Amino acid sequence: CSSDLSGSASVSPSVTTTYTVTATNAYGSTTDSVTIMVEEPPVVSMSASPAEIATGSQATLSWTSSGADSVSINQGIGAVALEGTRAVTPAITTTYTVTAINTYGTVTDSATVTVHPVPTVNLTASPTAINIGQSSTLTWTSTNATSASIDSGIGTVAVSGSMSVAPTVTTT
């Protein structure tokens, strides 16, 4: 007596999985298999170290990927290795985006390098030449400063200002 049995089952594997069916009767068994490939987009991550720099300083971008066929970084960098590092010296705060691509998708990650300006200061004296007992006015202005000081015994001052000084010897 022979009987044909058949059926179906719906499956949704999250990873590539091989399914094997075994048919048996009183005289033996046989198997057949099918593999369902789960196609995954690549994975990519990127970081910047340090994430905050002073104007003119350097940060290092580091990235890793898995399952990618190609990786690129924007901001004019272009195609890069599947993992690696790259030194950058942005003039302003910049977000870098890494893109990883394979047949099954495109993914991105990003890292921001925050650029903090260094302070500037300008100091003038008027007049620049005096006789002993006379005074000169020091005037200074600064940008991006949180504090300021003047040497020769003056010490902490406002970040911009002026003051009269009467040195008894030549100072520079």
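Our structure is the block above this text.
Residue indices begin from 1 for each chain and proceed along its sequence in written order. Only residues with pLDDT of 70 or above have their local features reported here, since the model is predicted, and side-chain atom pairs are shown and tallied only from 80 upward, although totals for entire chains, interfaces and linings are computed over all residues. Side-chain figures throughout are based on the complete set of non-hydrogen atoms in the structure, without hydrogens or water.

Our focus in this paragraph is the pairing of strand β12 (residues 136-143). In β12, alternate side chains face the same way, and those of S136, L138, W140 and S142 are buried while those of T137, T139, T141 and T143 on the opposite face are not. Between any two strands, pairing holds if DSSP finds at least two bridges. Segments assigned H or I by DSSP are reported as helices when at least four residues long, segments assigned E as strands when at least two residues long, and all are numbered from the N terminus. Bridge count between strand β11 (residues 120-126) and β12: seven bridges; the pairing is antiparallel. Pairing of L123 across the sheet is with W140, part of β12. Two strands pair when backbone bridges link them, and β12 and strand β15 (residues 161-165) are joined in this way by five bridges, in the antiparallel orientation. Bridge pairing links L138 to M163 in β15. Each residue's exposure class comes from its accessible area (1.4 Å probe, protein chains only) as a fraction of the maximum for that residue type: buried when under 20%, exposed when over 50%, partly exposed otherwise.

Judged by side-chain polarity, V11, Y19, V34 and I36 come together as a nonpolar surface patch covering roughly 290 Å² of accessible area. Along the chain, I36 turns up in strand β2 (residues 28-36). The patches reported here contain residues having more than 30% relative accessible area and no salt bridge. Joining distances are 9 Å for like charges and 5 Å for nonpolar side chains (Val, Leu, Ile, Met, Phe, Trp, Tyr). Computed by Shrake-Rupley with a 1.4 Å probe, the accessible areas treat only the displayed protein chains as cover when residues are assessed. Should a side-chain nitrogen of Lys or Arg be within 4 Å of a carboxyl oxygen of Asp or Glu, the pair is scored as a salt bridge.

In this section: the sheet that holds strand β9 (residues 94-102). Strand order in this open sheet of five strands is β4-β10-β9-β6-β7, and the pairing throughout is mixed. The outermost strands of the open sheet, each flanked by one partner alone, are β4 (52-54) and β7 (78-80). Taking each pair of neighbouring strands and ignoring which way they run, the sheet shows an average axis angle of 30°. When strand β6 (residues 70-73) meets β9, the two strands line up antiparallel, connected through four bridges. Each bridged residue has a counterpart across the sheet, and for S70 the counterpart in β9 is I101. To obtain an axis, a line is fitted to C-alpha atoms, over the contacting stretch when the element is a helix, and the angle between two such axes runs from 0 to 180 degrees between their N-to-C directions.

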